[in-house]
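This is what each chain is made of:
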Amino acid sequence: MDIGENIKKIRLSKKLTIKEVSDKANITKSLLSQIENNKANPSLKTLYALADTLKTPIGKFFDQEETDASPVVKASERRILETNNGVKFHSLTPQYSNHSLEFLYNVFSKDSTTGEYYSHAGEECGYVLKGKLKVEWDSKEFILEEGDSIILDSTKPHKITNIDDGESIAIWVDTPASW
């Protein structure tokens, strides 16, 4: 099952209509239908809105069965979310863990961005392994280069853009865990 199919399955299990979910998540019914039918990839902002609306972690949108939680995430078994904006989020946290944080390996292709400004509960911090990222947060702008780190309040609107001539890579930690 793909992300869209999982979103639809969760929506239906909660006995919610496309209209109810799209209205609360502030997206169009058409977009939600396209996402559920795997004809469109949701933005990061949309994923957070859907997870909040459906009262479920983003990780539940991925196709994996719940098993005995292992503290290890094998490289070959990582959940990866690739956005239309050119960012790949690799989850380094076990899917069905009860931890309060999530650990991500983020790969930003040239000129990619996390998309529109978004916000969510908690805090996050990041560390740039390679490249150069612009972090826009709470009407401020920060340029992070290899070896730089940042911590911020995630409830304030923010977005991240790769401003390097090539790929940028960062490790990110969010709390509370939403994947």
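In short, a report on the structure. (Residues numbered from 1 in each chain as written. Predicted model: local features only at pLDDT ≥ 70, side-chain atom pairs only at ≥ 80, totals over all residues. Heavy atoms only, no water.)

Observations regarding the packing of aromatic side chains
Following the criterion strictly, the structure yields one aromatic pair and no others. Their ring planes at 15° and their centres at 5.6 Å tell us that Y48 and Y118 sit as a pair that is stacked. Of the two residues, Y48 is situated in helix 4 (residues 44–54) and Y118 in the loop between strand 3 (102–108) and strand 4 (123–130); the sequence distance between them amounts to 70 residues. Like Y118, Y48 is buried. The ring of Y117 carries the charged tip of K159 above its face, separated from the ring centre by 5.1 Å. (Phe/Tyr/Trp six-rings, centres within 6.5 Å; stacked < 30°, edge-to-face > 60°. Helix = DSSP H or I, 4+ residues; strand = E, 2+ residues; numbered from the N terminus. Buried < 20%, exposed > 50% of the residue type's maximum accessible area, 1.4 Å probe, protein only. Lys NZ or Arg CZ within 6 Å of the ring centre and 35° of its normal.)

A closer look at the environment of L133
Relative to the helices and strands, L133 resides in strand 5 (residues 132–137). On a C-alpha basis, the gap between L133 and D148 in space is 9.7 Å, while along the polypeptide they are 15 residues apart. Setting aside anything within four residues of it in sequence, one finds L133 in contact with F108, V128, F142, I143, L144, I160, T161, N162, I163, S168 and A170. (Contact = heavy atoms within 4.5 Å.)

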